[in-house]
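# Close look at the chain arrangement
Here is how the chains run, residue by residue.
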Amino acid sequence: MKWVMRGTCVLATCLAAGLLAVCWRTEIRAADSNAPMSTASRPHHPEKIFASSWDPKAAAAYLDQRAGWWMEWPRAARDHETFCVSCHTAVPYALSRPALRKAIGESTPSPNERRLLDNVTRRVRLWKEVAPFYSDADRGVYKTVESRGTESVLNALILASHDAQSGQLSDDARAALENMWAEQQTTGNRKGAWLWLRFANEPWEADDSDYYGATLAAVAVGTAPGNYRARPEIQNNLKMLRDYLNRECAAQTTINRVVLLWASAKVPGLLDSERQKAIVNEVLGKQQADGGWSLSSLAGNWKRNDGTPQEVKSDGYATGLIAFGLQQAGLPSENSQRKSALAWLTANQNKTEGFWLAYSLNKNVEHHMTPSTALFMNDAATAYAVLALTEANK
């Protein structure tokens, strides 16, 4: 639900009837003013943060290079001359790269955007022929169904987001959404969700990642153009999804609730206003003194599998995703904590290489397979930082 213009509620009398407009933004601002937050290190003039203090061209170059590396990485290769679509690199790239076009003077998708879209489209068209990303035979029990559930959501999200740019839902996006609904669970404690890949890795491949996937499914539905979410044939599926997200909300980590906040902005009525405001206040209460957020503080008691301590500094993934989620949910642009988050992002880009730094919850840099795989969190961080900063400049 979007908050509307601030101020007092206005009584408009028309003939014999009067209508009372409810001023949600006043409530949110009042709630926000009570959220605990240190003011140390706040910028004195946060209204100036949108000056040319971050480099869109460098961000685009980093994202393009990383997408290109992923698409050529032998471990990402799949059958029918396709590649796996990853939550850390490919999906954030698909969502964020179009947002940079205006800033860097482009009018069409970059070559790697086009290649990613072609890959997803090919797998959607060959859905009954392509092999799952992982199978029970090579990666263990349930990996086949987990792969199908995960990919169906990611394909729908990528194609729906692409079609939103033109305002027309394509046949391929419609097919991806149909595949997604066919994979939705209809019984049991995961009714309404999708089976999601589990590799004991947070935040995208752990036991709580079913919820993350369900929030992305809601984003896909709400993003699809042509008022897709109102179609009669999906209302039962949408109800199951809404029921699941609300039923399991209290058990989630804060970072999962952040994506839920984003989803609630795309699907009106997904959350009631009180729960939405509670999530906003929960998130604002975890902001650090420098204006950013640390992913490790939002992921419960998750321990790294290499035994090293979690990083507690603010990072680009948590800060970018939260700033974007708060924007989508309608937190006022003049809100001081929103400004501080965007100020942190503008100040913390590596302008030489274009990325924002983030930290794995599962292992430190030294324990990654290769220096390239150690950049996965930076890929996601850069994408969401770009989404937040370009949204702020609209």
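This is a predicted model, so every value here is computed, not measured.

### A look at the overall build of the chain
- Secondary structure summary: the chain contains 15 helices and 4 strands in total.
- Expressed as a percentage of the 394 residues in the chain, the buried residues total 57%.
- Once local pairs closer than 6 in sequence are excluded, the contacts in the chain between residues at least 24 apart make up 70%.
- When the accessible area of the chain is evaluated, it comes to approximately 17,200 Å², of which 53% is carbon and sulfur surface.

### Regarding the packing of aromatic side chains
- This model, assessed by the stated rule, comprises 16 aromatic pairs.
- Measuring from centroid to centroid gives 5.6 Å for Y62 and F355, while their planes differ by 45°, and the two rings are tilted. Residue Y62 is located in helix α2 (residues 56-72), and its partner F355 is located in the loop between α14 (336-347) and α15 (376-392); the two are separated by 293 residues in the primary sequence. Taken as a pair, Y62 and F355 share a single burial class, namely buried.
- Residues Y211 and Y244 carry aromatic rings whose centres are separated by 5.6 Å and whose planes lie at 40° to one another, so their mutual orientation is tilted. Linking Y211 in helix α9 (residues 209-223) with Y244 in helix α10 (residues 235-247), this pair joins segments that are 33 residues apart in sequence. An identical accessibility class is assigned to Y211 and Y244; each is buried.

### Comments concerning helix α11 (residues 254-266)
- When the terminal C-alpha atoms of α11 are compared, their 19 Å separation across 13 residues agrees well with the 18 Å that a helix rising 1.5 Å per residue should span.
- Most of α11 sits inside the fold, with 12 of its 13 residues counted as buried.
- Along α11, the residues classified as buried are T254, I255, N256, R257, V258, V259, L260, L261, W262, A263, S264 and A265.

### Overview of the packing of α11 against helix α12 (residues 273-284)
- The N-to-C vectors of α11 and α12 enclose an angle of 135°; their axes lie 10 Å apart at closest approach. Taken together, the axes of α11 and α12 lie oblique to each other. In the packing of α11 onto α12, the handedness of the crossing is left-handed. Contacts between α11 and α12 involve T254, R257, V258, L260, L261 and S264 on the former and, on the latter, Q276, I279, V280, E282 and V283.
- Looking at the contact of α11 with α12 residue by residue, the classes come out as 6 nonpolar, 3 polar and 2 charged.

### Observations regarding the side chain of N112
- Examined against the element boundaries, N112 turns out to sit in helix α5 (residues 111-125).
- Relative accessible area serves as the criterion here: at 18%, N112 is assigned to the buried category.
- At a separation of 2.8 Å, a polar atom in the side chain of N112 contacts the main-chain carbonyl oxygen of D64.
- In this structure N112 touches D64, A67, G68, M71 and Y93, once residues within four positions along its chain are discounted.

Here is what the cut-offs are and how they apply
- Residues numbered from 1 in each chain as written.
- Predicted model: local features only at pLDDT ≥ 70, side-chain atom pairs only at ≥ 80, totals over all residues.
- Heavy atoms only, no water.
- Helix = DSSP H or I, 4+ residues; strand = E, 2+ residues; numbered from the N terminus.
- Buried < 20%, exposed > 50% of the residue type's maximum accessible area, 1.4 Å probe, protein only.
- Contact = heavy atoms within 4.5 Å.
- Areas by Shrake-Rupley, 256 points an atom, 1.4 Å probe, with all protein chains shown as cover.
- Phe/Tyr/Trp six-rings, centres within 6.5 Å; stacked < 30°, edge-to-face > 60°.
- Expected span 1.5 Å × (residues − 1).
- Axes fitted to C-alpha atoms, helices over the stretch in contact; angles between N-to-C directions.
- Parallel < 35°, antiparallel > 145°, perpendicular 65-115°, else oblique.
- Left-handed = near helix turned anticlockwise from the far one by under 90°.
- Nonpolar A, V, L, I, M, F, W, Y, C, P; charged D, E, K, R; others polar.
- Polar contact = N/O pair within 3.5 Å; in protein donor to acceptor, adjacent residues only side chain to side chain.

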